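Fold and geometry: a report
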Amino acid sequence: MIVYDLSCDAGHRFEGWFGSSGDYVSQRERRLVACPQCGSGEIEKAPMAPAVPRKGNRQSEPKQTNAGGVIPPEAAAVLKKLAELQAEALKSSTWVGEDFPEQSRAIHYGEREPEPIHGKATRDEANALIEEGITIAPLLFPVAPPEELN
Ligand SMILES: [Zn+2]
């Protein structure tokens, strides 16, 4: 898909999505491309906007959508789903805070009842646990300790 900035003979500007540049040409020739504001079929490619706003004119430039740092909606939906899955998984898990490395070891070595736990570990602590063969997984999303909620 390619997107063109288009303008009609009345000067309305809009975006048109096409499978290819050839699609644009054939759709335009068949008058299938019309201005969404006035319906005009007299469509031309609008002059390209400058990639970099001119200095001193920055404030008046319209804010570009999707310009840098904005994740696509599909990715946002996946992240939201993952966050929900994590929240669901943690419902049956006990927050052990700073005790996480110790509690993980206790469970691994059968010193306490096994149960799902989550908490804090430094990178070194996490590496040490993994080296001991203890299965831990990093949380994908930061979790606020219960005492910090409210
Ligand atoms: Zn128009």
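Before reading on, note that the structure itself is shown above.
Definitions and cut-offs
Residues numbered from 1 in each chain as written. Predicted model: local features only at pLDDT ≥ 70, side-chain atom pairs only at ≥ 80, totals over all residues. Heavy atoms only, no water. Donors = N, O, S within 2.8 Å, 3.2 Å for Na, K, Ca; no water. Tetrahedral: all angles 85-135°; square planar, octahedral: opposite > 155°, others 65-115°. Buried < 20%, exposed > 50% of the residue type's maximum accessible area, 1.4 Å probe, protein only. Pairing = 2+ DSSP bridges. Helix = DSSP H or I, 4+ residues; strand = E, 2+ residues; numbered from the N terminus. Axes fitted to C-alpha atoms, helices over the stretch in contact; angles between N-to-C directions. Salt bridge = Lys/Arg side-chain N within 4 Å of Asp/Glu carboxyl O.

**Things to note about the coordination of the zinc ion**
Protein-derived ligands of the zinc ion are Cys8 (SG), His12 (ND1), Cys35 (SG) and Cys38 (SG), with the metal-ligand distances lying across 2.0 to 2.4 Å. Geometry at the zinc ion is tetrahedral, judged from its 4 donor atoms and the angles of 105 to 115 degrees they form at the metal. Written as a sequence motif, the donor arrangement for the zinc ion is C-x3-H-x22-C-x2-C. According to the relative accessible area criterion, cysteine 35 is buried, its value standing at 4%.

**What about the sheet that holds strand E2 (residues 13–18)?**
Spatially, the 3 strands line up as an open sheet ordered E2-E1-E3, and their pairing is antiparallel. What marks the edges here is a single partner per strand, and that holds for E2 and strand E3 (43–45). Mean inter-strand twist for the sheet, computed between neighbouring axes without regard to direction, equals 45 degrees. As paired strands, strand E1 (residues 2–8) and E2 are joined by 6 bridges and run antiparallel to one another. Pairing of aspartate 5 across the sheet is with glutamate 15, part of E2.

**Some points on the pattern of salt bridges**
Taken as a whole and assessed by the stated rule, the structure comprises 8 salt bridges. For lysine 91, the salt bridge identified is with glutamate 88, shortest N-O distance 3.3 Å. Of this pair, lysine 91 and glutamate 88 both sit in helix H2 (residues 73–91), separated by 3 residues, roughly a single helical turn. One salt-bridge network, held together by shared partners, links Lys80, Lys81 and Glu84.

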